[in-house]
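This is what each chain is made of:
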Amino acid sequence: MNEIIRSLIIVVGVLVVMLSISAGLIWLERRMLGLWQDRYGPNRAGPFGLMQVMADMIKILFKEDWIPPFADRPVFVIAPAVVVVTTLMSFAVIPFAPSIGVVNLNIGLLFFLGMAALGVYSVVLGGWSSGSKYSLLGGLRATAQMLSYEVFMGLSLMGVVILAGSFNLGDIVEAQRKMWFCIPQFIGLVIFIIAGFAETHRLPFDLPEAESELVAGYHSEYSGMKFGMFFVGEYLGITLISAMIVTLFFGGWLGPVLPPLVWFLLKTLVFVLGFILARASLPRPRYDQLMSYAWKVLLPLSLLNLVVTGGIVLAVG
Amino acid sequence: MLSILRTMWTILLHTFHRRETVQYPEETIYLPPRFRGRIILSRDPDGEERCVACYLCSVACPVDCIALQATEDERGRRYPEFFRINFSRCILCGFCEEACPTYAIQLTPDFEYCEYRRHNLVYEKEDLLISGPGKYPGYNFYRVAGLAIDGKDKGEAENEEPPVDVHSLLP
């Protein structure tokens with residue numbers, strides 16, 4: 001009985017914390033972008049402009065939720081939910097601290113990769129069902145980009161799996177007691193970060209929504225909370241990728257003095273800030289550059305990384 | 001790759017830069033005296049209206065936001081019967097000030113005249129008139145102009161020669 005209550009608390013806690021973090025990230029991003037562009041960002045509503053989050057939520061909840069008559073209704077409605085659901089599902093396997101985690105899957109990493117792959121459907125279906133050419137182009141780009149980056153996103157993590165000898169994320173963290181995997185798997189880390197950017201289609205890899213070319217890309221026709229869901233999904237994605245980077249390469253909850261959960265959240269925050277910093281500083285690459293970079297540089301590199309890591313592990317024993 | 005990292009580092013250093021934003025309602029920026037803001041009508045040093053209702057401002061106005069009607073008082077001074085500026089049209093170009101021959105119409109360093117109702121932005125003469133001479137103290141058009149009004153005949157203005165008697169043959 002105690003076990004059930006405990007896991008229920010963890011499930012609800014993770015859900016609430018993640019959703020409020022994704023809302024708070026909107027504020028954080030605007031403030032940080034402001035800081036890096038020598039201005040303030042929202043600082044009027046409440047202390048430090050924190051109530052801006054509330055204002056944004058109220059605004060987006062009360063907006064007219066309009067479905068265009070030329071849209072494919074059921075698919076149009078489901079699409080934004082898919083990204084939120086799949087991203088939240090991925091959080092289930094992340095070990096926040098030694099005993100805090102929704103499930104302890106022994107194929108946790110594969111589950112994460114599978115959920116990330118399912119998330120593509122949201123963008124594809126959203127772009128397709130909107131019945132608008134800009135949405136379709138955005139969805140098309142998203143499909144190509146996310147599928148090709150997913151290939152070596154998985155491959156880049158195999159080095160970690162080889163070193164840890166397990167797909168279980170908790171075991172992977174435990175395997176980093178001596179040395180964080182960001183040192184032996186540096187190439188894997190770099191590739192995973194790049195693929196993570198592409199996977200969350202954040203700037204500089206926001207070609208599916210490229211405002212300057214495609215209106216708003218795959219969510220051009222969305223309004224109200226459906227549009228909001230895409231954004232919640234995007235910010236959840238940032239948190240998820242940051243949490244995965246921390247879990248796989250930076251020793252998860254491991255760290256001195258502070259409690260494990262605090263270490264995990266602090267490390268995650270650093271990478272979330274990294275995401276925002278990249279948005280503040282980097283321009284968007286051209287689409288063909290994006291694709292050729294993926295297939296001609298990153299894929300061979302990740303394969304090489306895999307082979308070398310495997311070879312060394314075999315040789316050392 | 002290295003240039004990307006360098007870019008990100010440069011942007012990160014902006015954390016320690018001064019922010020450019022002026023927190024407007026709490027802080028205000030310095031407005032120079034020649035700032036082109038709200039339009040006023042000034043008075044001469046004797047406290048009389050400077051405007052002689054010549055219509056030049058109204059003609060010069062590119063958006064036709066100035067309307068007035070000339071009339072004359074019992075002393076022979078021209079003045080506007082009404083003078084109306086529609087600030088919802090005004091583009092604060094300052095052409096009226098340049099066109100004014102008597103320094104009557106002037107732009108001031110004030111831009112805070114928002115209204116909730118558009119018709120409240122139509123200013124009448126009593127809204128526009130100020131009590132002082134504005135940017136040009138000491139200037140009085142009727143004292144330097146050759147025009148004869150009640151109490152000042154021809155030749156009595158400042159720096160004005162008495163009128164030449166064209167019928168006299170004396171040098």
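Only a predicted model underlies this, so the values are computations on that prediction, with no experimental measurement involved.

The rules behind each value
- Residues numbered from 1 in each chain as written.
- Chains lettered and ligands numbered in written order.
- Predicted model: local features only at pLDDT ≥ 70, side-chain atom pairs only at ≥ 80, totals over all residues.
- Helix = DSSP H or I, 4+ residues; strand = E, 2+ residues; numbered from the N terminus.
- Buried ≥ 20, exposed ≤ 12 C-beta atoms within 10 Å, placed from the backbone.
- Contact = placed C-beta atoms within 7 Å.
- Nonpolar A, V, L, I, M, F, W, Y, C, P; charged D, E, K, R; others polar.
- Core = buried A, V, L, I, M, F, W, Y, C linked by C-beta atoms within 7 Å.
- Pairing = 2+ DSSP bridges.
- Axes fitted to C-alpha atoms, helices over the stretch in contact; angles between N-to-C directions.
- Parallel < 35°, antiparallel > 145°, perpendicular 65-115°, else oblique.
- Left-handed = near helix turned anticlockwise from the far one by under 90°.
- Expected span 1.5 Å × (residues − 1).
- Bend = angle between axes of the 7 residues up to and from the residue.

1. Let's talk about the overall build of chain A
Thinking step 1. Helix and strand counts for chain A come out as 11 helices and zero strands.
Thinking step 2. When the elements of chain A are put in sequence order from the N terminus, they spell out α-α-α-α-α-α-α-α-α-α-α.
Thinking step 3. Expressed as a percentage of the 317 residues in chain A, the buried residues total 43%.
Thinking step 4. In chain A, the proportion of contacts linking residues at least 24 apart, taken out of those at least 6 apart, comes to 77%.

2. Re the interface of chain A and chain B
Thinking step 1. At the junction of the two partners, chain A supplies 10 residues and chain B supplies 11 residues.
Thinking step 2. Put simply, the parts of the chain that give the side of chain A that touches chain B at least two residues each are α1 (2-36) and α10 (260-281) of chain A.
Thinking step 3. In terms of residue class, the side of chain A that touches chain B is made up of seven nonpolar, one polar and two charged.

3. Things to note about unusual backbone geometry
The general pattern is negative phi for most residues beyond glycine and trans for most peptide bonds.
Thinking step 1. Positive phi, close to 60°, is recorded for Asp38(A), a residue that is not glycine.
Thinking step 2. By secondary structure assignment, the location of Asp38(A) is in the loop between α1 and α2 (52-62).
Thinking step 3. Assessed through the 13 C-beta atoms surrounding it within 10 Å, Asp38(A) is described here as partly exposed.
Thinking step 4. At Asp64(B), a residue that is not glycine, the phi angle is positive and equals roughly 55°.

4. Let's talk about the nonpolar core
The nonpolar side chains of soluble globular proteins are, as a tendency, buried together.
Thinking step 1. Core analysis: the largest hydrophobic core is formed by 76 residues, its most contacted members being Phe192(A), Ala195(A), Ala198(A), Leu236(A), Met244(A), Ile245(A) and Leu248(A).
Thinking step 2. When residues of this core are assigned to their parent elements, the largest contribution, 15 residues, is made by helix α9 (residues 224-249) of chain A.
Thinking step 3. Excluding its chain neighbours within four sequence positions, the residues that come into contact with Leu248(A) are Leu157(A), Val160(A), Ile172(A) and Phe181(A).
Thinking step 4. Of all hydrophobic cores here, the second largest spans 19 residues; its members include Ile40(B), Ala53(B), Cys61(B) and Ile105(B).

5. Let's talk about the sheet that holds strand β3 (residues 78-86) of chain B
Residue and element names in this part refer to chain B.
Thinking step 1. What the three strands build is an open sheet, ordered β2-β3-β5; its pairing is antiparallel. Bordering the open sheet on either side are β2 (66-72) and β5 (122-123), each of which pairs with just one other strand.
Thinking step 2. Direction of pairing for β2 relative to β3: antiparallel, over a ladder of seven bridges. Counterpart to Ile 66 in the pairing with β3 is Ile 85.

6. Quick notes on the packing of helix α5 (residues 133-164) of chain A against helix α7 (residues 186-199) of chain A
Residues and elements named next belong to chain A.
Thinking step 1. Where α5 contacts α7, the two axes come as close as 9 Å, and the packing angle between them is 150°. Considering the angle they form, α5 stands roughly antiparallel to α7. Crossing angle aside, the handedness with which α5 passes α7 is left-handed. The segment α5 lies against α7, with Gln 145, Met 146, Tyr 149, Glu 150, Phe 152, Met 153, Ser 156, Leu 157, Gly 159 and Val 160 engaging Gly 188, Ile 191, Phe 192, Ala 195, Ala 198 and Glu 199.
Thinking step 2. Here the contact of α5 with α7 is composed, by residue class, of 10 nonpolar, four polar and two charged.

7. Some thoughts on α1(A)
Thinking step 1. In this model, α1(A) (35 residues) spans 48 Å end to end at C-alpha, consistent with the 51 Å of a helix rising 1.5 Å per residue.
Thinking step 2. Residue Gly24(A) marks the point of greatest curvature in α1(A), where the axis turns by about 25°.
Thinking step 3. Buried residues of α1(A): Met18(A), Ser22(A), Leu25(A), Trp27(A), Met32(A) and Trp36(A), and no others.
Thinking step 4. Buried-residue contacts for α1(A) involve α2, α3 (73-91), α9 and α10 of chain A together with α1 (2-13) of chain B.
Thinking step 5. Just downstream of α1(A), Asp38(A) is the residue with a positive phi angle, here 60°.

8. Things to note about the pairing of β3(B)
Residue and element names in this part refer to chain B.
Thinking step 1. Hairpin geometry of β2 and β3 is characterised by an intervening segment of five residues between the two adjacent antiparallel strands and by a positive phi of about 90° at Gly 76.
Thinking step 2. Where β3 meets β5, two bridges bridge the pair, whose relative direction is antiparallel. Residue pairing for β5: Asn 86 is matched across the bridge by Val 122.

9. Observations regarding the packing of α7(A) against α9(A)
Residue and element names in this part refer to chain A.
Thinking step 1. Running from amino to carboxyl end, α7 crosses α9 at an angle of 165°, the nearest separation of the two axes being 10 Å. Accordingly, the angle class assigned to the pair α7 and α9 is roughly antiparallel. Considering how the two elements wind past one another, α7 and α9 form a crossing that is right-handed. On α9, the residues that touch Leu 189, Phe 192, Ile 193, Gly 196 and Glu 199 of α7 are Ile 241, Ile 245 and Phe 249.

10. Digging into the environment of Gly114(A)
All names here are of chain A.
Thinking step 1. With respect to the helices and strands, Gly 114 occurs in helix α4 (residues 108-129).
Thinking step 2. The partly exposed category is assigned to Gly 114, around which 15 C-beta atoms lie within 10 Å.
Thinking step 3. For the pair formed by Gly 114 and Thr 86, sequence separation is 28 residues and the distance between their alpha carbons is 9.1 Å.

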